[in-house]
Amino acid sequence: MAEDGYNFAYLDEQTKRMIRRAILKAVAIPGYQVPFGSREMPLPYGWGTGGIQVTASIIGRDDTLKVIDQGADDTVNAVSIRKFFARTAGVGTTERTEDATILQTRHRIPETPLGPGQILVYQVPIPEPLRWLEPREAETRKMHALEEYGVMHVRLYEDIARFGHIATSYDYPVRVNGRYLMRPSPIPKFDNPKMDRSPALQLFGAGREKRIYAIPPHTGVRSLDFDDHPFEVQKWEDVCALCGSGESFLDEIVTDDRGGRMFVCSDTDYCGRRREAGHTGPATRDPEGSGA
Amino acid sequence: MAATLNGPALRPGFAAPVPDSQQVFRRVLAAMSEPGAVQDIAIALTPPAPLDPATAAVCLTLLDFETPVWLDAAADNDDTRAWLRFHCGCPLAGEADGARFAVLARPEAAPPLAGFRLGSEAYPDESATLVVQAASLEAGDAVDLRGPGIEDRRAFRAAGLAEDFWKQRRDLERLFPLGVDLLFASGASLAAVPRSTQIGL
Ligand SMILES: [Zn+2]
């Protein structure tokens, strides 16, 4: 049960209605940024509240919530947001991707593929993909209206001229359903292909800039690229030191003060469950058994 | 017999507004996310005639003082107006093009879809959502839906629409991202055809 003294899921009903209407328009116009009247939320500094307001407006008692921060369920932020909804909405929580009905995320898409009926809610710091190229909102609105996205291609091509490849590796711009240019939030471009034709509903909330946008299920999401420089995701020489996965997004972590380091899965649920299932990596293998 | 705010003729809204509106919203969101897939509103409602429970549930969930609503001639009666004003607090729009929401209780006589708000180039979201009360979501000629939210294609039926309804709707596709979003209600059933859906006849 939710604790007394709170509105269910914290927000008042009028605010939820306003956000719900914005979400429906966002789903009806895939990739388009719908303005909404953002509210203050009592949440950790630095997380941002747009995604939380979206979750608060959709969540109900029957939901099971998963919260990840950079792929991890156990960071201070992820834990406090899970507790926040457990307390204000009385919902069950989980770390298992496939058991969640709503997944609130900052900076990653889980490695375990999402299924029909699941809703992935992204925390978005800056929603406008054209903002660095054009600071005026009236102008970016016009560019979206006219599909004037050539400047973004020029910017990416400048990367190629300077570095020999597209250097942008996070928050990599996409076209949604062949129409709107969209920022996927600061997920690694490794995750971009997971957005394409996902059977899950994807909702994006930006609190400070007061924007909500969406990708309906089974909707085409294409990362921008060029004929001579096709889109590519990050690759690693290493596998996960703990579970041995060669298919997940890896974080580099420092293991001692003598410069020791290793690569481990950023998705803690995925990595932990692989280890439970008996998978091992270079750091968890019995040195004699592995012959290392 | 005119209902007043405190009059005996005023019918109830949601028994438990907070969980009921959340549940209904999720059905509406599922409907909008999977165009043409029929959702059930599992909440008992006894709205004033001619509103069906699904129509009433959508109104109670989404309407308030910020959303002028337009009622077609069939829905526009004293009981319905009083019920909407009391439970939703929404203003009633005198003209179709002034409404954010519209209730079409007799869609065979609906005004042209293009006469509702379609949004602007810069703000296509400033457009109308129409609640189309159909005689049935199981009978009627099937149309073929494609687009976001649909894996391949989906057949959709709604009975009691104007003969040229789907042609009108298809003619709006070239205006995308401008357009109207359609919520079909019948009894306790609900389905959606947002503007992003392409209609095959
Ligand atoms: Zn791992």
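For the structure, check the block above.
Residues numbered from 1 in each chain as written. Chains lettered and ligands numbered in written order. Predicted model: local features only at pLDDT ≥ 70, side-chain atom pairs only at ≥ 80, totals over all residues. Heavy atoms only, no water.

Draft legend 1. Geometry of the overall build of chain B. Of the regular secondary structure elements, chain B holds four helices and nine strands. Going residue by residue from the N terminus, the α and β elements of chain B occur as α-β-α-β-α-β-β-β-β-α-β-β-β. By its C-alpha atoms, chain B is 50 × 30 × 30 Å across when sized along the principal axes. Considering chain B as a whole, with its 201 residues, one finds that 54% of them fall into the buried category. Once the 17 positive and 26 negative side-chain charges of chain B are each reduced to a mean point, those two points are 3 Å apart. (Helix = DSSP H or I, 4+ residues; strand = E, 2+ residues; numbered from the N terminus. Buried < 20%, exposed > 50% of the residue type's maximum accessible area, 1.4 Å probe, protein only. Lys, Arg positive; Asp, Glu negative; His and termini not counted. Charge placed at Lys NZ, Arg CZ, Asp CG, Glu CD.)

Draft legend 2. A look at the sheet that holds strand β9 (residues 198-200) of chain B. Residue and element names in this part refer to chain B. The strand order across the open sheet built from three strands is β6-β5-β9, with neighbouring strands paired in antiparallel fashion. In the strand order of this sheet, the two ends are held by β6 (154-157) and β9, each with one partner. Strand-to-strand, the axes of this sheet are offset by a mean angle of 40°, without reference to chain direction. Two elements, strand β5 (residues 142-146) and β9, share three bridges in a ladder whose sense is antiparallel. Across the sheet, Leu145 pairs through a bridge with Ile199, a residue of β9. (Pairing = 2+ DSSP bridges. Axes fitted to C-alpha atoms, helices over the stretch in contact; angles between N-to-C directions.)

Draft legend 3. Examining the pattern of salt bridges more closely. In this structure the tally under the stated criterion is 36 salt bridges over all chains. Measuring nitrogen to oxygen at the nearest pair gives 2.9 Å for the salt bridge that ties A:Arg211 to A:Glu137. One end of the pair, A:Arg211, is in strand β9 (residues 211-215); the other, A:Glu137, is in helix α4 (residues 137-146), and 74 residues separate them in sequence. When its relative accessible area of 13% is taken as the criterion, A:Arg211 is described as buried. We note a salt bridge from B:Asp181 to B:Arg195, for which the minimum N-O separation is 2.7 Å. Separated by 14 residues along the polypeptide, B:Asp181 in strand β7 (residues 181-186) and B:Arg195 in the loop between β8 (189-193) and β9 bring together distant segments of the chain. Side by side, B:Asp181 and B:Arg195 carry an identical accessibility label, which is buried. Salt bridges sharing partners connect three or more residues here, namely A:Arg96, A:Glu98, A:Asp99, A:Asp269 and A:Arg273. (Salt bridge = Lys/Arg side-chain N within 4 Å of Asp/Glu carboxyl O.)

Draft legend 4. Structural view of the interface of chain A and chain B. Counting residues at the interface gives 36 residues for chain A and 36 residues for chain B. For B:Glu66, the salt bridge goes to A:Arg21, with nearest N and O atoms at 2.9 Å. Viewed at the interface, chain B and chain A are joined by 18 residue pairs in polar contact (both at pLDDT 80 or more). Elements with a minimum of two residues in the side of chain A that touches chain B: α1 (13-28), β1 (34-35), α2 (50-58) and α4 of chain A. Here the element with the most residues in the side of chain A that touches chain B is α1(A); it accounts for twelve residues. (Contact = heavy atoms within 4.5 Å. Polar contact = N/O pair within 3.5 Å; in protein donor to acceptor, adjacent residues only side chain to side chain.)

Draft legend 5. Highlighting the coordination of the zinc ion. Residues and elements named next belong to chain A. Coordination sphere of the zinc ion, protein contribution only: Cys240 (SG), Cys243 (SG), Cys265 (SG) and Cys271 (SG), at 2.2 to 2.3 Å. For the zinc ion, the four donor atoms in the first shell make angles of 105 to 117° at the metal, so the coordination geometry reads as tetrahedral. Since its relative accessible area comes to 0%, Cys240 is described here as buried. For Cys271, a relative accessible area of 3% corresponds to the buried category. (Donors = N, O, S within 2.8 Å, 3.2 Å for Na, K, Ca; no water. Tetrahedral: all angles 85-135°; square planar, octahedral: opposite > 155°, others 65-115°.)

Draft legend 6. Fine view of the environment of B:Glu66. Relative to the elements of secondary structure, B:Glu66 occurs in the loop between α2 (53-62) and β2 (69-71). On the accessibility criterion, B:Glu66 (39% relative accessible area) is partly exposed. Along the backbone, B:Glu66 and B:Leu84 are 18 residues apart, and their C-alpha atoms lie at a distance of 13 Å. Residues within four places of B:Glu66 in sequence aside, it is in contact with A:Gln14, A:Met18, A:Arg21 and B:Arg100. Side-chain polar atoms of B:Glu66 contact the side chain of A:Arg21, separated by 2.9 Å.

Draft legend 7. Local environment of the pairing of β8(B). Residues and elements named next belong to chain B. With five of five residues buried, β8 lies mostly within the body of the structure. Burial along β8 is two-sided: the face carrying Ser189, Ala191 and Val193 and the face carrying Leu190 and Ala192 are both buried. Of the pairings in the sheet, the one linking strand β1 (residues 39-40) to β8 comprises two bridges and is antiparallel in character. Across the sheet, residue Asp40 finds its bridge partner in β8, namely Ser189. When β7 meets β8, the two strands line up antiparallel, connected through five bridges. The partner of Phe184 across the bridge, within β8, is Ala191.

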